[in-house]
There are 2 protein chains.
Amino acid sequence: MRVDAAQYCNWSREIFAQMRQADLTAVVATLTYHGTLRAVVDEVMAWSDRFRDNADLIFHGRSAADLDRAREEGRTAIFFGLQNPMPMEDDLRLLEILHALGVTSFQITYNTQSLLGCGWTEPRDSGLTLMGREVVREMNRIGMLIDLSHAGERTAIEAIEASQRPVIISHANPIWWRETKRNVSDTLLEALAAKEGMIGLSLYPHHMKSGSDTTLAEFCGMAVKLSERIGITRIGIGSDLCQDQPDAVVNWMREGHWMRPAPNSVRAKFPRQPDWFSDCRGFNQIAEGLRTEGLSADQVRAVLGENWARFFKQALKPQAQ
Amino acid sequence: MRVDAAQYCNWSREIFAQMRQADLTAVVATLTYHGTLRAVVDEVMAWSDRFRDNADLIFHGRSAADLDRAREEGRTAIFFGLQNPMPMEDDLRLLEILHALGVTSFQITYNTQSLLGCGWTEPRDSGLTLMGREVVREMNRIGMLIDLSHAGERTAIEAIEASQRPVIISHANPIWWRETKRNVSDTLLEALAAKEGMIGLSLYPHHMKSGSDTTLAEFCGMAVKLSERIGITRIGIGSDLCQDQPDAVVNWMREGHWMRPAPNSVRAKFPRQPDWFSDCRGFNQIAEGLRTEGLSADQVRAVLGENWARFFKQALKPQAQ
């Protein structure tokens, strides 16, 4: 069972077909990076059309059972994720509404300050806010995945402490492999693993050692080294694949509408993906690469999806009263 | 010219008539404490009905000229304020929309963390956020009053530093008079005054020395003492009057929907107003009280409204390019 815990592609039938070629049982698709509840509703409606038009390849995944169903039916279950808590607005009750709409993964911050905590780009991180503590408790209750990607370190550590259930960092790499605050320190990795959380390793060039020129061997070597430090059961893939997106999208991701847009001359561009992961069929290359680096077939399966599948099956259950 | 920079009453014709008896030229009415743009739109529509039904007493104030118009016509100009930036959502462009709807005062935080900065109840205050800096610049440009009531000290200090124009604290008292983090330290008062900002003194019992039992002499004595420290031109009134509101409203103010409501047994109640300020006609008592404490007639007029009027006339202009 293969799982990708973070993608935001310019979705198409071609991409869904590639998911099948990659043997992906589940993909967590980011719905939006900005906006209020309405932005999520719009995306859910767009997905409704995609599920109708590509029912032979994909369906909407909501529960642990949908992972088994996807494997049995030879389709990919698309789970919905959010990379910014803004769509819950200032209303705790909207978490249940988002869950009803199918959102199962939820980042408590994106790059900047949210109502719940602080993102990695702010100069100072004051940690999990009063509302953030309420949200962690409510997500624990509902059975939504608390995702700490993009969080500031203090916020992430405090969220791990506050949560009664294991949490995830859906897409990032260790900071010792590529030094950027977007990646994750040893302190945070240890805190995550100590409470049985998981990290999804990212294939986004800005998170990788040599950017777009990172080799398969470098990536797989990092994965093996990390597995030796925090345990192989704590590791999965969260590719952060943004396939076929126009560059306007990366500017929107970064700037949303909260800041004045940068002038045309300094507009950002998506980095080039390494050739061994230009689309999700790169999972096949990673499988080979991890074997070359010395992992067993079982260990490779664990990293490429069995770990996430086991984790999701626990985490998506509502909390026992 | 008398001005009250902060009220949130359960609006009625009776209250508007009292404004006339208090000789109030302008009142800044809070539209909402929580919610998104839609909450503001709903309130603006409710005010539209009130302006229609009480056109002999009130009208919608939007500009410096409306202060003079109100005095000439013997009516009270109702300016719109927000005590929480949530209605701008995560979109800088909504500030212009809010301004078009008539919002002229805008708090960058309420009690808790906002996207712009930190409120006074959070355990840690990391200051003005990246988005907060954009918002201060945009408010400077548009000519909206940057209101630092309810902010954490670090956030308030950084907003004063970031703003190119004087800012306000619409309703609070000095912390040396009543010790609560909701009130304002000497450091903050000095920073505010040094950049020609203003503070509106609050008549809300929880901000006053002896709560509901605070005397007129105590309040006026504080005002005089503060005027000696930061200059009488820096002081006005922001009563925070919540006349005729049911207690459910104070619970909503505090909890919004961002937290689980407190159980019925610990629901909050509005404190009793002191008898000399049970409604806005208390401005007449304060006028007498300030005279008793030694202020001249001109100084009393300054504190009760001329200072705000002069300030508003500057602050509501768009910034010169």
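What you see is a predicted model; the values in this text were computed from it and never measured. (Residues numbered from 1 in each chain as written. Chains lettered and ligands numbered in written order. Predicted model: local features only at pLDDT ≥ 70, side-chain atom pairs only at ≥ 80, totals over all residues. Heavy atoms only, no water.)

Caption draft 1: Representation of the overall build of chain A. Along the backbone of chain A there are eleven helices and nine strands. Here chain A has a C-alpha radius of gyration of 18 Å; the compact-globule value for 321 residues is 20 Å, and the two agree. Projected onto its principal axes, the C-alpha positions of chain A cover 50 × 45 × 45 Å. Relative to its 321 residues, chain A shows a buried fraction of 63%. Intrachain contacts of chain A at a sequence separation of at least 6 include 69% that bridge at least 24 residues. Carbon together with sulfur atoms contributes 49% to the accessible area of chain A, which is approximately 12000 Å² in total. Computing the positive centroid from 36 side-chain charges and the negative centroid from 41, chain A places the two 1 Å apart. (Helix = DSSP H or I, 4+ residues; strand = E, 2+ residues; numbered from the N terminus. Rg over C-alpha atoms; globule rule 2.2 N^0.38 Å. Buried < 20%, exposed > 50% of the residue type's maximum accessible area, 1.4 Å probe, protein only. Contact = heavy atoms within 4.5 Å. Areas by Shrake-Rupley, 256 points an atom, 1.4 Å probe, with all protein chains shown as cover. Lys, Arg positive; Asp, Glu negative; His and termini not counted. Charge placed at Lys NZ, Arg CZ, Asp CG, Glu CD.)

Caption draft 2: Focus on the interface of chain A and chain B. Taken together, the 31 residues of chain A in the interface contact 31 residues of chain B. Both faces combined, the contact of chain A with chain B buries some 2900 Å², and carbon together with sulfur accounts for 54% of it. When residues of chain A are sorted by the area they lose upon contact with chain B, Asp90, Arg124 and Trp258 of chain A head the list and together hold 23% of the total. The tally of links between chain A and chain B comes to four salt bridges. The shortest N-O distance in the salt bridge between glutamate 158 of chain B and arginine 124 of chain A comes to 2.4 Å. Our enumeration of links across chain A and chain B arrives at 19 residue pairs in polar contact (both at pLDDT 80 or more). Of all the elements in the fold, those that place two or more residues in the side of chain A that touches chain B are helix H5 (130-142) and helix H6 (153-162) of chain A. In terms of residue count, H5 of chain A provides more of the side of chain A that touches chain B than any other element does, five residues in total. (Buried area = accessible area lost by both parts, 1.4 Å probe. Salt bridge = Lys/Arg side-chain N within 4 Å of Asp/Glu carboxyl O. Polar contact = N/O pair within 3.5 Å; in protein donor to acceptor, adjacent residues only side chain to side chain.)

Caption draft 3: Region of the structure containing the relation of the copies chain A and chain B. With an RMSD of 0.0 Å, the operation that places chain A on chain B is a rotation of 180° combined with a shift of 0.0 Å along the axis. Taken together, the turn and the small shift mark the pair as related by a two-fold rotation axis. For chain A, the residue whose C-alpha comes nearest the rotation axis is serine 126 of chain A, separated from it by 2.7 Å. Most of the interface of chain A is mirrored in chain B, where 100% of its interface residues are also at the interface. (Least-squares fit on C-alpha atoms with pLDDT ≥ 70 in both.)

Caption draft 4: Inspection of empty space enclosed by the protein at higher detail. Counted according to the given criterion, the structure contains ten cavities of 30 Å³ or more. Estimates place the volume of the largest cavity at around 210 Å³. In terms of residue class, the lining of the largest cavity is built from eleven nonpolar, six polar and three charged. Put simply, the second largest cavity is a space of about 170 Å³. Lining the second largest cavity are 16 residues, and of these Leu115 of chain A together with Asn84, Thr112, Gln113 and Trp258 of chain B sit closest to its centre. Split into classes, the residues belonging to the lining of the second largest cavity amount to six nonpolar, seven polar and three charged. (1 Å grid on protein atoms, 1.4 Å probe; cavity = no way out; pocket = protein on both sides within 12 Å on 5 of 7 lines; lining within 4 Å. Points joined across faces, edges and corners; volume = space filled by probe spheres on them. Nonpolar A, V, L, I, M, F, W, Y, C, P; charged D, E, K, R; others polar.)

Caption draft 5: Quick peek at the pattern of salt bridges. Residues and elements named next belong to chain A. By the definition in use, this model includes 44 salt bridges over all chains. Between arginine 141 and glutamate 96 there is a salt bridge, and its shortest N-O distance comes to 2.8 Å. Here the residue arginine 141 occupies a position in helix H5, and glutamate 96 occupies one in helix H4 (residues 94-100), the gap between them amounting to 45 residues. A relative accessible area of 29% means that arginine 141 is categorised as partly exposed.

Caption draft 6: The arrangement of the layout of surface pockets in detail. Residues and elements named next belong to chain B. Reported here for the largest pocket is a volume of approximately 390 Å³. Along its surface, the largest pocket is lined by 21 residues, and Tyr110, Asn111, Trp120, His150 and Arg254 are the ones closest to its centre. Ranked by residue count, the leading element in the lining of the largest pocket is helix H9 (residues 247-255), at three residues. Tallied by class, the residues present in the lining of the largest pocket amount to ten nonpolar, eight polar and three charged.

Caption draft 7: Expanded view of the side chain of glutamate 255 of chain A. Residue and element names in this part refer to chain A. Residue placement: glutamate 255 occurs in helix H9 (residues 247-255). Given a relative accessible area of 9%, glutamate 255 falls into the buried group. Ignoring sequence-local partners within four residues, the contact set of glutamate 255 consists of Pro261, Ala262 and Arg267.

Caption draft 8: Up close: the packing of aromatic side chains. The full count for this structure, using the stated rule, is 32 aromatic pairs over all chains. With centroids separated by 5.6 Å and ring planes inclined at 55°, the aromatic side chains of tryptophan 308 of chain A and phenylalanine 312 of chain A adopt a geometry described as tilted. Linking tryptophan 308 of chain A with phenylalanine 312 of chain A, this pair stays in helix H11 (residues 297-315), spanning four residues, or about one helical turn. Judged by relative accessible area, which is 1%, phenylalanine 312 of chain A ranks as buried. Centroid distance tryptophan 11 of chain B to tryptophan 47 of chain B: 5.1 Å. Interplanar angle 55°. Geometry classified as tilted. (Phe/Tyr/Trp six-rings, centres within 6.5 Å; stacked < 30°, edge-to-face > 60°.)

Caption draft 9: Structural detail: the side chain of glutamine 243 of chain B. Residue and element names in this part refer to chain B. Looking at where glutamine 243 falls in the secondary structure, it is placed in the loop between strand E9 (235-237) and H9. A relative accessible area of 9% places glutamine 243 in the buried class. Discounting chain neighbours no more than four positions away, the residues touching glutamine 243 are Tyr8, Cys9, Asn10, Ile15, Gln18, Ser278, Asp279 and Cys280.

Caption draft 10: The environment of valine 28 of chain B, seen in detail. All names here are of chain B. Within the secondary structure layout, valine 28 lies in strand E2 (residues 24-30). When the C-alpha positions of valine 28 and proline 271 are compared, they lie 21 Å apart, and in sequence the two are 243 residues distant. Not counting the four nearest positions on each side in its chain, valine 28 is found in contact with Asp4, Ala5, Ala6, Gln7, Phe79, Phe80, Gly81, Ser105 and Phe312.

Caption draft 11: Broad picture of the pairing of strand E5 (residues 103-107) of chain A. Residues and elements named next belong to chain A. Extensive coverage of E5 is indicated by the burial of five of its five residues. Judged from the three bridges that link them, strand E4 (residues 76-82) and E5 form a sheet pairing that is parallel. When the sheet's bridge partners are listed, phenylalanine 80 is paired in E5 with valine 103. Summarising the sheet, E5 and strand E6 (residues 145-147) pair through three bridges and their orientation is parallel. Paired with phenylalanine 106 across the strands is isoleucine 146, a residue of E6. Once the chain exits E5 it traverses H5 before rejoining the sheet at E6, and the crossover so formed is right-handed. (Pairing = 2+ DSSP bridges. Right-handed = clockwise from strand over helix to strand, strands pointing away.)

Caption draft 12: Main features of helix H8 (residues 216-230) of chain A. Residue and element names in this part refer to chain A. Its 15 residues give H8 an end-to-end C-alpha distance of 21 Å, which sits within 8% of 21 Å, the value for a rise of 1.5 Å per residue. Every buried residue of H8 is listed here: Leu216, Phe219, Cys220, Met222, Ala223, Val224, Leu226, Ser227 and Ile230. Structurally, H8 contributes buried residues whose contacts are with helix H7 (186-194), strand E8 (198-201), strand E9 (235-237) and helix H10 (282-292). Trailing H8 by a residue or two, glycine 231 shows a phi angle of about 100°, which is positive. (Expected span 1.5 Å × (residues − 1).)

Caption draft 13: Main features of unusual backbone geometry. The phi angle at histidine 150 of chain A is positive, at roughly 70°, despite the residue not being glycine. Assignment of secondary structure puts histidine 150 of chain A in the loop between E6 and H6. Judged by relative accessible area, which is 9%, histidine 150 of chain A ranks as buried. Phi at aspartate 244 of chain B takes a positive value of approximately 65°, unusual for a residue other than glycine.

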